[in-house]
Every structure is written in structure tokens, then in C-alpha cells.
Amino acid sequence: MKAKIILLLFFLFSVSGFSQNITVSGVVTGSEDNMPVPGVNVIVKGTSRGVSTDFDGKYSINVNKGETLEFSYIGFKTSSVTIQNQTTVNISMDPDIAALDEVVVVGYGTAKKRDLTGSIVSIKGEEVADKPATNPIASIQGKVAGLSVVNSGQVGQTPDIRIRGTSSRYAVGPLFVIDGIFASNIDFVNPNDIESIEVLKDASSLAVFGVRGANGVIIITTKTAKKGQFRVNFNSSIGIKNIVGAPDLADATLFRELYDEQLANEGAAPFPHYDKFTGNTNWVERISNRSAVLQTTNLSIQNATEKNKLSFGLGYRLEDGLIKDEQLQRITFNLNNEYNLTDNFKMGLTINGLQDKLPNTGSFSSSLNATPIVDPIHFDSRPEFNGLYNQLPVQIGGPQIGNPLLVAEVTKNKSIPQRYRFVSSLFAEIDFLKNFNFKATIYGDYNNFRSRSYTPIVPIYVSETDEIDNFNGNQLTRVSQSNNVTVNFQQDYILSFAKEYGKHDINAVAGFTTTQFASENISGSVQHDPGSSVGIIPDNQRFWYLNVFPYGDPSTRTSNSSQSERATSSFLSRAIYNYDSKYLLNASYRRDATSQLAPENRAQDFWSIGAGWVVTREGFMDNINGLSYLKIKGSTGVLGNQALPGGTNYPYYPGVSQGATAVFGNEVVPGYVQKFEENPNLQWETVRMWEIGFESRWFANRLMLNANYYNRKTENLLVFVDTGVQTFFDNFGEIENKGLEFEISWDGEINDDFSYSIGGNLTTVNNKVLSTFEDAPIFANGTASRTVTGQPIGSFYGYIVDGLYQSNADIASLPPSRLGTYAPGDFKYRDVNDDGEITPADRTLIGNPTPDLTYGFYANFKYKNVSLNIDFQGVYGNEIYRNWGNGNSFAQFNYRTDLQDRWNGSGSSNWEPRLFSTNYNRLPSTYMIEDGSYIRIRNIQLNYSINSNILEKLKIQQLKLYANVQNLFTWTKASGFTPEAGGSPTSFGVDGGGYPIPVISTLGLSLTF
């Protein structure tokens, strides 16, 4: 035994001596600045042995002769050295500039990012693939400087998207380009099918889109197979949605206290029916779907050979809304097929398809207004009343509000809205004469929205009279049916040229493109015949048609239709030039002609020019430590905006509308009048924009810092003028948006197992209306929004509240108000113009819905197979107009709990007014203005990838499990469900109390074979 032990020790000693263990040390520096690089991973290749360089770039490690040391760090190219007898190894690491050579999608082609002079942000599809939003752009909220995304919590809704501010009265949304086809939205695109998203923001990148480019462009590229690849990916997730931040409203006890005081203040008799209304209902909770579930399942297949590249995706989504009976069912499919017929000729086909069973969307606004003293459903001993929905108190305006639970459970599920959409393209592409490429593409976009709905007769119990009534007084059943079809046909013929001449590099395109758009809508309705023996139309979907015998009285059948067509043709060109990768020049031109304008002004020209200087390519930059890359750039140009008010297709061709009727004999003949006067000089809006900025990389590309200053002015605003005598379209007015954009990020690596990245972006927006038609203010109906020269678009307009009148003596000492009857406890409105009285002339700017700052930041951590990603997003400096909780003159709404602090005697309050049903305190004022600033934990995701060694045995490429929480917490001072409030270009930031932004918690997996 002893002999064996001695022999073993001798063997180990011999092996150790043979391996000749060596201690190797040295310093790692960067090749560009010769500065030490801390945190570099120094690994013995093929083993788990390794160290990291210290703050001075130094390291020391034991190595066996013949082994290889591998030096790696984010932002540098990996270096390797095989050890023989050396004990000192100093390494100079070259920066990895692959990110600068990244190819991005631009209009009608691709280009190297380092050759561009514009502002383009590229986002990988994987950043939106596993997020719970139906719309991919909703998932990049806060991730792109200059891109404003205002989300809605309502299932299936499109977010309010604006790039670099609000620039028009009518159309402010960006153009979407999905695999080459123009679209106004991307609701039909499955986030899992997206390869990349490019956001284009400046003239240099947008001018090639001409009249469609002024509001920015978002390019979506769907997935294609990579050469030599066969992949099958399956991913699925399930989640729940929860309401947070519900407004604080009075319960039954507080409501009775406040309502009794209000009646006493008004000199009215006490409410006599509290004995009939003994409920204590939280209407928000009662109409909420407490088990709102979100499920997604997606399957994709990619296969590529030498000749053929095929990609297919199929997705299913089932999502509940936050209100009962809201549900979206969506099926999507995507097909990309490309075939090389020869070495220089290929053809391809893309198809995106969608089938939606759309939700019957509702609103929470009625649940904020309904009185809490009512039980939703009536129960007592009488069978004829038992189980009926309760009418809200008739005496205090209940019929005008309606029972929110009745709306959610009974009337809202009587609609069947469906949508079908198919977007496809077919192309042929040929390379010739070495440097030329010609591509011809035809696109088709078919969108069909159809709906059938039924209006039932719903009995409802009225407590005050102990009787049954019909909800909303409806006495007849009714069926409505509609079908809307839009078709968009597009053709592109693009010639490209790319060549390097020594230090000269040029990439150019020229082309011709056309679009044809047609829309057709047919709708109708029919009611039952109350005198018929058949009776009412059944509450059964198979009878919800306009002509289902014997139901429906033919004499009540009505129908309507509308239709429109338009077409455009365009010439375009673009050249991207660089000299020695040092001096850059980009130029674009497009001429757009449209059928919507008069022949003499049908075509307009748009252009841009941009220049860039890669300063770090200059010799005098060689000794600048730490700076890896610096590009100074700028661009200017003129773009167009075909902005039109809703329902208008032909601003030059007015058409007719029904006017007065005349009687000829026994016949009544309808008359028609021209809708508005013709204006042959009408043109599309023009947008002049310029920007200047820089892009930089520092410390071997670990630090990225970019900044831009932009200025965008919209001229010749398209406006519809109604003077009371004349109506016509004209070009008049200007809007300016200008500001700064900043982006910063840092990629770091602690060791081979642990890496991280942090970063963020910030945008300032200064919006100002420079002029309007005859400097007349533009009011948005039903809100306090006003657009006027010298102020931001859609500003809030009203009175400034300087507290409350505390006594009659207080009233007597201040300027008299001409706005109505008032008393102690009512608002003190400021005499803004100092004319000694309070009149409508004292209304002024009381809020700006456009934020001063929008921002987002993130932190990503990765340890071995586990990663954690955290995103934050917010805005600062804007105001919200609270358009709920202010009471109403025709019905008694519930009270906000803030009214516990109402005025009820001298000195009791100086902000919450007395309880009195008067319009005086409901005039738009600073009382309704709230701070719209907020910061939100937008997304937290924890990922775990199963070890590749385990998967290899199972023939699986990747298996990832993840948990995601969206909208976890929001810091805000706003009193509504959410501080986010979109809207129209001239009326946004108005909180109507409508819909919460939910917390969405999901679990999912992604499996790749």
C-alpha cells in the first residue's frame, strides 16, 4: 500500500514538473489611447481559470506552458496569446467598431449607420417580442429620444404617437412602413414577427418620403431566414391585469353627508328616498374584470438554403379588458419567401394577415359619476322585481348616468365587431453591371371592418315609484349592421447603385412609386314592428341582420353609404456619399403629385441635404485619450404633410351635402348645396426642418453619448375656415417645434460571468403656434383646449383661481364678477387684464399639455444564464386638464373625496369650494389643472436561459423562461387613473376619467429548435 502511495505521488510530481507552471503578468491597454483597461477578462482558454485586470490594467495568472490566454472585454476585439516561456505579456486591445458599421433600414433600401447624417434609432425586434402590448410601438415607450408614446390601457387600442412634438392641426402621427408598404398603423403586425424597428426623425432621413414624411417615419422589418439556418421557435405567455391608482371617491356615508349639505346650501328639501337606497357600491370595482387574463402563443419557422429563404410566423392572442365582457381575440400570420432563380436574379413574396374579434370597449367614466348609495341589482320578496337592475335615483339625475353594471353586463355585449386585414407584396430584383440593382415591387393592403349590433329592451327597477321602466326609455329592439372596406395598392420601381472608387464611396437610389387608395362603407339599421304579431327581434346573434324574415319592420329600415378614392405618383432619389469614411454627404429629393388637389398645384417638391464629419479619422485626433469615435453632423430640408380633418378626402373638390327641401306638387324634393368653396391655390402643408448634433463613442466604445438640436417649422397650415358667410380650405398659419435630444449608455463587464449596461435618453420640446388664420383662436369643442398665436398648440384656457371668497365683506372688497351669481365659498377668479371686473376677457393660458421633458432610462444585468432588465419612463413639465369629478348641472355625480375639505364656513377652506350646484365653479379654471409629470417603472423582466450543455443533449438550441411585470408603479400627483392622456392634435392631455393603465404580470417561455 505504501509503495502505491509513493508511486502516485511520484507520478503527480512528475506531471506537475512536466507541465511547467508559469506565472504570467502584464498590463492591458487600449490601442487608441494607450490607457489601461480595467475589468478585462483574462481566461485560460478551454478552462474555467481566469482573473480580471485591476484599475491600472494589471493582471497576474498561473499558466501551463502551451496554454492560451484569452483577453476579452465589451467594446474590444478579443485577443489571444499562446504561452511558451514568456512571463510578461502586455496586450494592446483594439476597439470593436462593429456597431458603427451596423446596417440600418432607411427609405427604399439600407445603409451603413456610420455613413448617415440623419437621426435614425434602430431597435431590435427581440425588445418587443416578449412584451404584453398588442401594438409594438407601445412597448418602446421611453426608449427613443424624440418619440412620444402615450399608451391607453384599453385592450386593442392604438397609442398616441408623435415624433418631435405636435406639428399640425389635423395629422400628427408618423408614417409606418412595413416591409415597404405605407400604412397609418401597425396593429396588424405581430410583435414576435418583427426583425427590427427604425425610427426616422430628421430631414436627411425623411425627405425621400416626401409628403408623407413630415411627422416622422417608423420602419418595420419582419423576420427573414438567415442563410444556412433552420429554426423552429415556439413561445407562449400567460398573464393577469390589475387596476391600480383608482380615483378616490366618496362612499355612501360621505355621499349622504355631502349631498345633504349641498341641498341645504341650495335651500332645497332633503333627499326623501335614502330609505330606498341603502347600498354602498364601489362602481369601479363592480364593473371591473377582476380576472383579466392575457394569453399569447406564437410559432415561427425559418429555413434558408442556397436558393431559398423562407420564414413563417403564426400567432394567437386572447386578451381580456379591464371591464367585464371586453375581450380581444387575434390571429396573425406572417410569410416571407425569397427565391434566387440565378446568382443575380431573385423574387420574393411577403404576406401579413390578421383576423380580429374585437372587444366591445367601454369606459370607467360612468363608474366615477354614479352615486354609491345604489345597489346595482334589486332584490326583494316580489318575483316580478327580483333580480332586475336598479335605476339610479331619478330625482338626482340617475337616468342620465345609467347603471354602470347594466351597461357592462347587458348592453355592451350586444355587438359583434370583426376585422380582417391582409398586407402583401411581390417583388423581383436583379443585379447587373456589377454595381447596379433594380427592384420592382407591388403591394396590396386590404382592410375589412364589419360589425353587427343589437339594441335590446332591458327592464329596470325604479325604486322611487316601485315600478319597472325600460333602460334609457328604449321601447323597440333594433339591429344595426355595417361593412367598411379600404384597399391600398402601391407600386415601387427602384434603381440602386453602390460602388467604391478608392477612398470614394457612393450609394444612390432613384425610383418611381404610385399609390391608389379606395374606401367604401355601407351601413343600415332596422327596428321591430310594435304592431306585429311576431313581436320583438330575438336576442340571438343569428337574427342580427337587416333582412331576417320575419323580424324587423321593413318600413323602418334605413341605409347609408360613403366612398372615396385617391391616388398619388412620385419620383424620388437619394445619394449617400463618403470620402475616406471621413467626410459624409447625404442628399434626397422627391416630387409628389396627388389627385386630391387642383391640377395647377397637384405636384410639390421636397428635398434635404445633410453633411457629416468623422472627426476621429483626422490625424490630429490621434492623441485624444478615451475618445473612440466622434461624428459631427447636420441636415436641413423641406417635407410635406397631407393633413386633413376627419371625414374630408378632397379639400379641393367640395362635393355636396343635403340642404333645404322644397315641395313640388305632392312631392318633397331634397335640396343639395356645395359643402365649401373651391380653392385652386390649395397645397399640402410644408415643414422646414433642420438639426445639428454629434455621435460619439468613448473608452473603446463602452460609453455612447449622442446629442441633437432640432428645429421644425410647419408652414402653410391646412385649415378649414368658417366665417359664418363662407366656408373654404386655405393655407395659413405656422407651428414651431424645437428642442434637444440626448442619448447615453454604458456597457460594462465585471468578469466573464457578470455584465451590465445602463443608459437613457432625454428630449426637450418647445412648441409654439407662430400664427393662425387671421390670428383667430381655435377652440376644441367640449374642452378647455385652445390653439392661439404665441402659445403652445392645444393649451388650456380658462380662469386663474386665487382662492375662495370667505365672506360677503371679502366679496365687496374685490372686483365684481360678471360670470354669474356667486357667494362666499365660491372661487375668486383673477382680474387678469386689470379692468376692475371679472369677465370672459380674463381667461388666459392656464396649462400646457406638451411636456417640457420626456425621458427614459434602463439598467440591464446578466449573470451567467440569468438576466434582469429594468426600464423607467416619464415626462416632466406638462399639465393635465381634469375633466371629471367637477360636478354637473343636469345630474348629481358622485364626489371626489377631496371635497371632505370643502368650504363650509369662513376659513374652513381656500381651495375646495362650497357644495352648491352652480356652473360658476365649473368654469374652466386652474382648479381643474393638475401636474402631469410622472415617472413609471415601465417594465421589469427576469430571464433564465437553460444551460446549453443540457439543451444540446435534447437537440434544443435555446430555452428561455421569463417573468415580466409592466407598469409596476407610477409616481404622480394626478388624481385620475393615469397621468397619461392622449387625444387629437388640438385637444390632448384632457383626462376624462376614462381608462386605467393596468399592471400586467406575465410568465412565459421561448423554445428554439
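Quick notes on the rules
- Residues numbered from 1 in each chain as written.
- Predicted model: local features only at pLDDT ≥ 70, side-chain atom pairs only at ≥ 80, totals over all residues.
- Heavy atoms only, no water.
- Helix = DSSP H or I, 4+ residues; strand = E, 2+ residues; numbered from the N terminus.
- Buried < 20%, exposed > 50% of the residue type's maximum accessible area, 1.4 Å probe, protein only.
- Contact = heavy atoms within 4.5 Å.
- Areas by Shrake-Rupley, 256 points an atom, 1.4 Å probe, with all protein chains shown as cover.
- 1 Å grid on protein atoms, 1.4 Å probe; cavity = no way out; pocket = protein on both sides within 12 Å on 5 of 7 lines; lining within 4 Å.
- Points joined across faces, edges and corners; volume = space filled by probe spheres on them.
- Nonpolar A, V, L, I, M, F, W, Y, C, P; charged D, E, K, R; others polar.
- Pairing = 2+ DSSP bridges.
- Axes fitted to C-alpha atoms, helices over the stretch in contact; angles between N-to-C directions.
- Expected span 1.5 Å × (residues − 1).
- Phe/Tyr/Trp six-rings, centres within 6.5 Å; stacked < 30°, edge-to-face > 60°.
- Lys NZ or Arg CZ within 6 Å of the ring centre and 35° of its normal.
- Polar contact = N/O pair within 3.5 Å; in protein donor to acceptor, adjacent residues only side chain to side chain.
- Core = buried A, V, L, I, M, F, W, Y, C linked by side-chain atoms within 4.5 Å.
- Salt bridge = Lys/Arg side-chain N within 4 Å of Asp/Glu carboxyl O.
- pLDDT = per-residue confidence, 0-100.

Some remarks on the overall build of the protein chain
No. 1: Check the secondary structure of the protein chain and you find 10 helices and 58 strands.
No. 2: Judged by the C-alpha coordinates and their principal axes, the protein chain covers about 110 × 80 × 70 Å.
No. 3: Expressed as a percentage of the 1009 residues in the protein chain, the buried residues total 51%.
No. 4: Sequence-distant contacts in the protein chain: of pairs separated by 6 or more residues, those separated by 24 or more amount to 69%.
No. 5: When the accessible surface of the protein chain is split by element, carbon and sulfur atoms take 54% of a total near 44800 Å².

Brief notes about empty space enclosed by the protein
No. 1: Inspection of the entire model under this criterion finds 10 cavities of 30 Å³ or more.
No. 2: If you go around the largest cavity, you meet 34 residues; those closest to its centre are S148, V150, P851, T854 and V875.
No. 3: For the lining of the largest cavity, the secondary-structure elements that each account for two or more residues are β11 (147-150), β12 (160-163), β40 (754-764), β48 (853-863), β49 (866-876) and β50 (879-882).
No. 4: The element best represented in the lining of the largest cavity is β11, accounting for four residues.
No. 5: Looking at side-chain class alone, the lining of the largest cavity contains 15 nonpolar, 14 polar and five charged residues.
No. 6: In this structure, the second largest cavity occupies an estimated 310 Å³ of space.
No. 7: Forming the boundary of the second largest cavity are 21 residues, of which N886, G887, L899, F916 and R922 lie nearest the centre.
No. 8: Of the residues in the lining of the second largest cavity, the class split is eight nonpolar, 10 polar and three charged.

Some details on the environment of D193
No. 1: Positionally, D193 belongs in the loop between β14 (181-183) and β15 (194-200).
No. 2: Judged by its relative accessible area of 6%, D193 falls in the buried class.
No. 3: In the structure, D193 is positioned 182 residues away from D375 in sequence and 48 Å away in space, judged by C-alpha atoms.
No. 4: Beyond its immediate chain neighbours, meaning those up to four positions away, D193 contacts T222, K223, G313 and N334.

What to know about the sheet that holds strand β7 (residues 91-93)
No. 1: Strand order in the open sheet formed by three strands is β4-β1-β7, and the pairing between neighbours is mixed. Since the sheet does not close on itself, it has two edges, and those belong to β4 (58-64) and β7, each with one partner. Within the sheet, the average angular offset between the axes of one strand and its neighbour, ignoring direction, is 35 degrees.

Points about the pairing of strand β18 (residues 292-304)
No. 1: What you see with β18 is a clean split: A292, L294, T296, N298, S300, Q302 and A304 sit on the buried side and V293, Q295, T297, L299, I301 and N303 on the side with no burial.
No. 2: As paired strands, strand β17 (residues 230-242) and β18 are joined by 12 bridges and run antiparallel to one another. Paired with N233 across the two strands is S300, which belongs to β18.
No. 3: In this sheet, strand β19 (residues 308-320) lies alongside β18 in antiparallel orientation, the contact comprising 11 bridges. The residue of β19 that forms the bridge with I301 is F312.
No. 4: Counting the residues in the hairpin turn of β18 and β19 gives three residues.

Re helix α4 (residues 252-265)
No. 1: Here α4 is 14 residues long and its end C-alpha atoms lie 20 Å apart, about the 20 Å a rise of 1.5 Å per residue gives.
No. 2: If you check which residues of α4 are buried, you get A252, L254, F255, L258, Y259, E261, Q262 and L263.
No. 3: Among the residues trailing α4, G267 stands out with phi positive, at a value near 70 degrees.

Considering helix α8 (residues 404-411)
No. 1: Turning to α8, its buried residues are P404, L405, L406, A408 and V410.
No. 2: In this structure, the buried residues of α8 make contact with α5 (283-287), α6 (365-369), β22 (389-390) and β25 (459-462).

Quick notes on the sheet that holds strand β6 (residues 79-82)
No. 1: Strand order across the open sheet formed by four strands is β3-β2-β5-β6, with antiparallel pairing between neighbours. In this open sheet, the two strands that pair with only one neighbour each are β3 (50-52) and β6. Recorded for the sheet is a direction-independent mean angle of 20 degrees between the axes of neighbouring strands.

Points about the packing of aromatic side chains
No. 1: One pass over the structure, following the stated rule, counts 40 aromatic pairs.
No. 2: Measuring from ring centre to ring centre gives 4.7 Å for F969 and W971, while their planes differ by 70 degrees; the resulting arrangement is edge-to-face.
No. 3: The rings of Y799, Y805, Y822, F827, Y829, W911, Y920 and Y927 are connected pair by pair, giving a single aromatic cluster.
No. 4: Its end group placed over the ring of Y797, R786 keeps NZ or CZ at 3.6 Å from the ring centre.
No. 5: The ring centre of Y927 lies 5.1 Å from the NZ or CZ of R882, which sits over that ring.

As for the environment of E429
No. 1: With respect to the helices and strands, E429 occurs in strand β23 (residues 415-432).
No. 2: You can call E429 buried: its relative accessible area is 16%.
No. 3: Dropping the residues within four chain positions of it, E429 is found in contact with N344, F345, K346, N437, F438 and K439.
No. 4: Looking at E429, its side chain comes within polar contact range of the side chain of N437, at 2.8 Å.

Some points on unusual backbone geometry
No. 1: In this structure, S581 takes a positive phi of about 55 degrees despite not being glycine.
No. 2: Among the secondary structure elements, S581 is positioned in the loop between β29 (558-579) and β30 (583-594).
No. 3: Phi is positive for N716, close to 55 degrees, though the residue is something other than glycine.
No. 4: For N716, the position within the fold is in the loop between β36 (703-715) and β37 (718-722).

Some details on the nonpolar core
Considering soluble globular proteins, one finds that nonpolar side chains tend to be buried as a cluster.
No. 1: By size, the foremost hydrophobic cluster in this structure holds 61 residues, and its most contacted members are Y259, F271, F364, I373, Y829 and Y895.
No. 2: For this core, the elements supplying multiple residues, two or more each, are α4, α5, α8, β45 (801-804) and β46 (827-829).
No. 3: The element that contributes the greatest number of residues to this core is α4, accounting for six residues.
No. 4: Contacts of Y895, omitting those with residues within four sequence positions, involve L249, A250, F255, L258, Y259, Q262 and L915.
No. 5: Membership of the second largest hydrophobic core comes to 25 residues, among which are I137, L147, I161 and I178.

A look at the pattern of salt bridges
No. 1: In total, this model carries 41 salt bridges according to the counting rule given.
No. 2: With its nearest N and O atoms 3.3 Å apart, the salt bridge here joins E257 to R902. Of the two residues, E257 is situated in helix α4 and R902 in the loop between β50 and β51 (929-931); the sequence distance between them amounts to 645 residues.
No. 3: Note on R902: relative accessible area 7%, which makes it buried.

Section: the environment of L717
No. 1: Mapped onto the secondary structure, L717 falls in the loop between β36 and β37.
No. 2: Along the sequence, L717 and V687 sit 30 residues apart, while their C-alpha atoms lie 9.4 Å from each other.
No. 3: With residues near it in sequence (within four places) discarded, L717 still touches S167, S168, E685, D730, N731, F732, G733, E734, I735 and S771.

Some remarks on the confidence of the model for the protein chain
No. 1: Of all residues in the protein chain, 97% attain a pLDDT of 70 or more, and the chain-wide mean is 91.
No. 2: In the model, residues 1-19 has pLDDT below 50 throughout and makes two contacts with residues more than four positions away in sequence or in other chains.

Some words on the pairing of β30
No. 1: Burial along β30 is one-sided: the face carrying L584, N586, S588, R590, D592 and T594 is buried and the face carrying Y583, L585, A587, Y589, R591 and A593 is not.
No. 2: Two strands pair when backbone bridges link them, and β29 and β30 are joined in this way by 12 bridges, in the antiparallel orientation. Residue pairing in the sheet places I576 in a bridge with N586 of β30.
No. 3: Relative to strand β31 (residues 603-614), β30 runs antiparallel, the two sharing 11 bridges.

Observations concerning the side chain of S204
No. 1: If you trace the backbone, S204 turns up in helix α3 (residues 203-206).
No. 2: By relative accessible area, which is 6% here, S204 ends up buried.
No. 3: A polar contact of 3.0 Å, which involves the side chain of S204, links it to the side chain of T117.

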